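Structural characterization, general
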Amino acid sequence: MLVSAKEMLNKAREGKYAVGQFNINNLEWTKAILLTAQENNSPVILGVSEGAGKYMCGYKTVVGMVKGMLEELNITVPVALHLDHGSFEGAKKCIEAGFSSVMFDGSHYPIEENIAKTKELVATCNNLGLSLEAEVGSIGGEEDGVIGAGECADPDECKQIADLGVTMLAAGIGNIHGKYPENWAGLSFETLEAVKAKVGDMPLVLHGGTGIPEDMIKKAISLGVAKINVNTECQLSFQAATRKYIEEGKDQQGKGFDPRKLLAPGFEAIKATVKEKMELFGSINKA
Ligand SMILES: [Zn+2]
């Protein structure tokens, strides 16, 4: 059964660990992440961007696939199915389709409009027992067509949004989607501390988890980050393993062309990356 992310994130915040959000793209991705969570007794959040939702033939298809897997694979750890960087309309569609959690990214709107739209979704999500993530201060880089400037969030604006009753808050603290540039300045812990001081117990979300040094991840968790998003890193592991398989000519040996064989190394690579992240975030055996 899909659950809201609320309880798992509140537990994580109290226990000083973080739950990973791993974005899915297809059946292999979803299966790899769910099995890894179950094998490691870890709560998990499956992230779906609007682009990936479209790619997987719409939100209803995603809900059907995920719910089917929970049952057929006997997944008993807490799993939330979450819209990543949703538009206002996208969030409503996912709620209708049966997602257990949504993010509304209103960071590109003027703060008044971000507040008004977030407020409307808070009411809907509260009624249905779903979790809602809001964003203040856009996150840098590009993720699935959503381009952010990489600003540091205004702590007062964070408080305004947190006070609306959202479940968790993504605040820009110098983090970037995708690969980090060589000259990246690092996370702004000053911003994170200032945001935390304003929003109190609200679980904070760190986007762009690929390539942030381990010590920064651990420090961010100690300062109130309870959810960390990982997307690019699974794509890179899948790509490297698939490339290796083909470069070694394995697709041309025997039945190596069978998609179930061709995609197997990438599948295993995603599992390894997810496990590594769960270890780093401290969520193993916290289900
Ligand atoms: Zn993000």
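Structure: above.
Below is a summary of the structure that appears in this document.

Cut-offs applied
- Position numbers for residues count from 1 along each chain, tracking the sequence in the order it is written.
- In keeping with the model being predicted, local features are shown solely for residues with a pLDDT of at least 70 and side-chain atom pairs are shown and tallied solely at 80 or more, while totals for entire chains, interfaces and linings include all residues.
- Secondary structure follows DSSP: runs of H or I at least 4 residues long count as helices, runs of E at least 2 residues long count as strands, and numbering of each begins at the N terminus.
- Every radius of gyration here is taken over C-alpha atoms, with the globule rule written as 2.2 Å times N^0.38, N being the number of residues.
- Two residues form a contact once the distance between their C-beta atoms, set from the backbone, is within 7 Å.
- Whether two strands pair depends on DSSP finding at least two bridges between them.
- Between N-to-C directions, angles cover 0 to 180 degrees, with each direction set by a line fitted to C-alpha atoms, over the stretch in contact for helices.
- In this scheme every C-beta is placed from the backbone, and a residue whose C-beta has 20 or more other C-beta atoms within 10 Å is buried, one with 12 or fewer is exposed, and one in between is partly exposed.
- Here is the rule for handedness: rotate from the far helix to the near one, and if that takes an anticlockwise turn smaller than a right angle the crossing is left-handed, while a clockwise turn gives right-handed.
- By definition, a nonpolar core groups buried Ala, Val, Leu, Ile, Met, Phe, Trp, Tyr and Cys residues that are joined through C-beta atoms within 7 Å.
- Seen with its strands pointing away from the viewer, a crossover is right-handed when the path leading from the first strand over the helix to the second is clockwise.

Digging into the overall build of the chain
- The number of helices and strands found in the chain is 12 helices and 10 strands.
- Against the 2.2 N^0.38 benchmark of 19 Å for 287 residues, the chain shows a C-alpha radius of gyration of 18 Å, consistent with a compact globule.
- A fraction of 70% describes how many contacts in the chain between residues 6 or more apart in sequence connect residues 24 or more apart.

Observations regarding the sheet that holds strand E2 (residues 44-49)
- Spatial strand order, E1-E2-E3-E4-E5-E8-E9-E10: eight strands in a closed barrel with parallel pairing. Taken pair by pair, the neighbouring strands of this sheet meet at an average axis angle of 25 degrees, ignoring direction.
- Here strand E4 (residues 101-104) runs beside strand E5 (residues 131-136); their pairing, made up of four bridges, is parallel. Residue pairing across strands places Ser101 opposite Ser131, the latter belonging to E5.
- Sheet strands in contact with helix H6 (residues 111-128) are E4 and E5, and its direction is about 165 degrees off that of E5.

Re the environment of Leu9
- On the secondary structure map, Leu9 appears in helix H1 (residues 6-15).
- Between the alpha carbons of Leu9 and Val205 there is a distance of 9.7 Å; along the sequence they are 196 residues apart.

Considering the pairing of strand E1 (residues 19-23)
- Counted residue by residue, E1 has five buried out of five residues, so it is predominantly covered.
- Both faces of E1 are covered, namely the face carrying Val19, Gln21 and Asn23 and the face carrying Gly20 and Phe22.
- Pairing of E1 with strand E10 (residues 225-230), which is carried by four bridges, proceeds in the parallel orientation. Residue Gln21 lies in a different strand from E10, and its bridge partner there is Asn229.
- The sheet contact formed by E1 and E2 spans three bridges and is parallel. Across the sheet, residue Phe22 finds its bridge partner in E2, namely Leu46.

Some thoughts on the environment of Val274
- When you line up the elements, Val274 lands in helix H12 (residues 264-281).
- A sequence separation of 240 residues divides Val274 from Leu34, and the C-alpha atoms of the two residues are 9.8 Å apart.

Examining the packing of helix H7 (residues 155-162) against helix H8 (residues 189-199)
- Relative to each other, H7 and H8 sit at 35 degrees, their axes nearing to 8 Å. Here the hand of the crossing between H7 and H8 comes out right-handed. Note on element contacts: H8 touches H7 through Ala194, Val195, Lys198 and Val199, opposite Pro155, Asp156, Cys158, Lys159 and Ala162.

So, the nonpolar core
- The biggest cluster of nonpolar side chains holds 74 residues, and the ones touching the most others in it are Ala18, Ile33, Leu46, Val102, Cys158, Leu169 and Ala171.
- Ranked by residues supplied to this core, first place goes to H12 with six residues.
- Once residues lying within four places of it in the same chain are set aside, the contact partners of Val102 are His82, Leu83, Gly86, Ala91, Cys94, Ile95, Cys125, Leu130 and Leu132.

Details of the environment of Leu132
- As for its position among the elements, Leu132 is in strand E5.
- Residue Leu132 is classed as buried on the basis of its 29 C-beta neighbours within 10 Å.
- Expressed as a C-alpha distance, the spacing of Leu132 and His82, which sit 50 residues apart in the sequence, is 8.8 Å.
- Look past the residues within four positions of Leu132 in its chain and what remains in contact with it is Val102, Phe104, Leu121, Val122, Cys125, Val166 and Thr167.

Side note on unusual backbone geometry
- Located in the positive-phi region is Asn41, a residue other than glycine, with phi close to 50 degrees.
- Tracing the backbone shows Asn41 in the loop between helix H2 (27-39) and E2.
- C-beta crowding within 10 Å serves as the criterion here: with 14 such atoms nearby, Asn41 is assigned to the partly exposed category.
- At Asn285, a residue that is not glycine, the phi angle is positive and equals roughly 65 degrees.
- For Asn285, the position within the fold is in the segment after H12.

Regarding the pairing of strand E3 (residues 79-86)
- Across the eight residues of E3, eight count as buried, placing the element largely inside the fold.
- Note that E2 and E3 share six bridges and pair parallel. Paired with Val44 across the strands is Val79, a residue of E3.
- Running through helix H5 (residues 88-97), the crossover from E3 to the neighbouring parallel element E4 is right-handed.

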